Structures are given as C-alpha cells and as structure tokens.
Amino acid sequence: GYATEALRLLMKEMHKNLHIHRMEADILLENSPSLRLIERLGFTYEGVAKSSHEIGGVWRDHLRYSYIFQ
C-alpha cells in the first residue's frame, strides 16, 4: 500500500542523500501491521529488546529489526 511505497522511497533517498548505512525499527509484539510492513521492506529480525521503550508509564519489550544498505 501507500506506507510501503512511501517508506521505500524514503529509504532510497536517505541512503542516497544522507549516506545512511543502517536503519532500525523497534516494534511492539502485538503490532502485526507494522511487523508485516517492515518485513515487506526487507528488514531483518534481530531479536527482542527487553524493556526498551516506555509507553504509558510501562517499559515494554519490542521486536528489533534492521536494514543494512548495500
């Protein structure tokens, strides 16, 4: 959809113009739409980041993904 297309363009521009080498995404376990999106974009699962982000006063685990530009 639109999010996939927009992020692909953004990633391409960030790599080309800002020389970004690596991107990371930390996503809540229950956020299925974001997980599907990040996997469609070619991000690689790296593991669980325990208590990595505070949301509503609670430290939550997130799934960590990365994308390495070649």
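Shown above is the structure to which this text applies.
Please read all numbers here as calculations on a predicted model, not as lab measurements.

*Asks:* So, the pairing of strand S2 (residues 44-55): which residues are in play, and what are the values?
*Replies:* Two strands pair when backbone bridges link them, and S2 and strand S3 (residues 58-68) are joined in this way by eight bridges, in the antiparallel orientation. Each residue of the ladder has a partner; that of Ile 55, found in S3, is Val 58. In sequence, S2 turns back onto S3 through a hairpin of two residues, with Gly 56 there showing a positive phi of about 60°.

*Asks:* Tell me what's going on with the pattern of salt bridges, and back it up with residues and numbers.
*Replies:* Per the counting criterion, the structure on display carries five salt bridges. Residue Lys 50 is joined to Asp 61 by a salt bridge in which the shortest nitrogen-to-oxygen separation is 3.7 Å. Taken together, the positions of Lys 50 in strand S2 and Asp 61 in strand S3 put the pair 11 residues apart, joining distant regions of the chain. Linked through salt bridges whose partners overlap, the residues forming this network are Arg 22, Glu 24 and Glu 46.

*Asks:* Could you give an account of the side chain of His 62, with specific residues and numbers?
*Replies:* Inspection of the secondary structure assignment puts His 62 in strand S3. For His 62, a relative accessible area of 5% gives the class buried. Looking at His 62, its side chain comes within polar contact range of the side chain of Ser 52, at 3.5 Å. Residues in contact with His 62, not counting those within four places in the same chain, are Asp 26, Ile 27, Leu 28, Leu 29, Gly 47, Val 48, Ala 49, Ser 52, His 53 and Ile 55.

*Asks:* Now, about the sheet that holds strand S1 (residues 22-28): what can you tell me, with residues and values included?
*Replies:* Taking strand neighbours across the sheet as the criterion, the three strands line up as S1-S3-S2 in an open arrangement whose pairing is antiparallel. The two strands at the open ends of the sheet, each matched to only one other strand, are S1 and S2. Averaged over all adjacent pairs, the angle separating strand axes in this sheet is 35°, with direction ignored. Of the pairings in the sheet, the one linking S1 to S3 comprises seven bridges and is antiparallel in character. Directly across from Ile 27, in S3, lies its bridge partner Leu 63. Each of S1 and S3 is contacted by helix H2 (residues 32-40), which is oriented at about 160° to S1, the strand it contacts most.

Procedures and definitions
- Position numbers for residues count from 1 along each chain, tracking the sequence in the order it is written.
- Thresholds applied to this predicted model are a pLDDT of at least 70 for local features of residues and 80 or more for the giving and counting of side-chain atom pairs; totals over whole chains, interfaces and linings are not thresholded and use all residues.
- Calculation of side-chain values draws on the structure's entire complement of heavy atoms; hydrogens and water are dropped beforehand.
- Strands qualify as paired when DSSP identifies two bridges or more between them.
- Per the convention used, a helix needs a DSSP run of H or I reaching at least four residues, while a strand needs a run of E reaching at least two, with both numbered from the N terminus.
- For this document, the term salt bridge refers to a Lys or Arg side-chain nitrogen within 4 Å of an Asp or Glu carboxyl oxygen.
- Burial classification: accessible surface area is computed with a 1.4 Å probe over protein chains only, and a residue below 20% of its type maximum counts as buried, one above 50% as exposed, and the rest as partly exposed.
- Identification of polar contacts relies on pairs of N or O atoms within 3.5 Å, with a donor-acceptor requirement for protein atoms, meaning one able to donate a hydrogen and the other able to accept it, and with residues adjacent in sequence counted only if both atoms are side-chain atoms.
- Residues count as neighbours in contact if any of their non-hydrogen atoms are within 4.5 Å of one another.
- To obtain each axis, a line is fitted to C-alpha atoms, and for helices this fit is confined to the stretch in contact; angles are then taken between N-to-C directions over 0 to 180 degrees.

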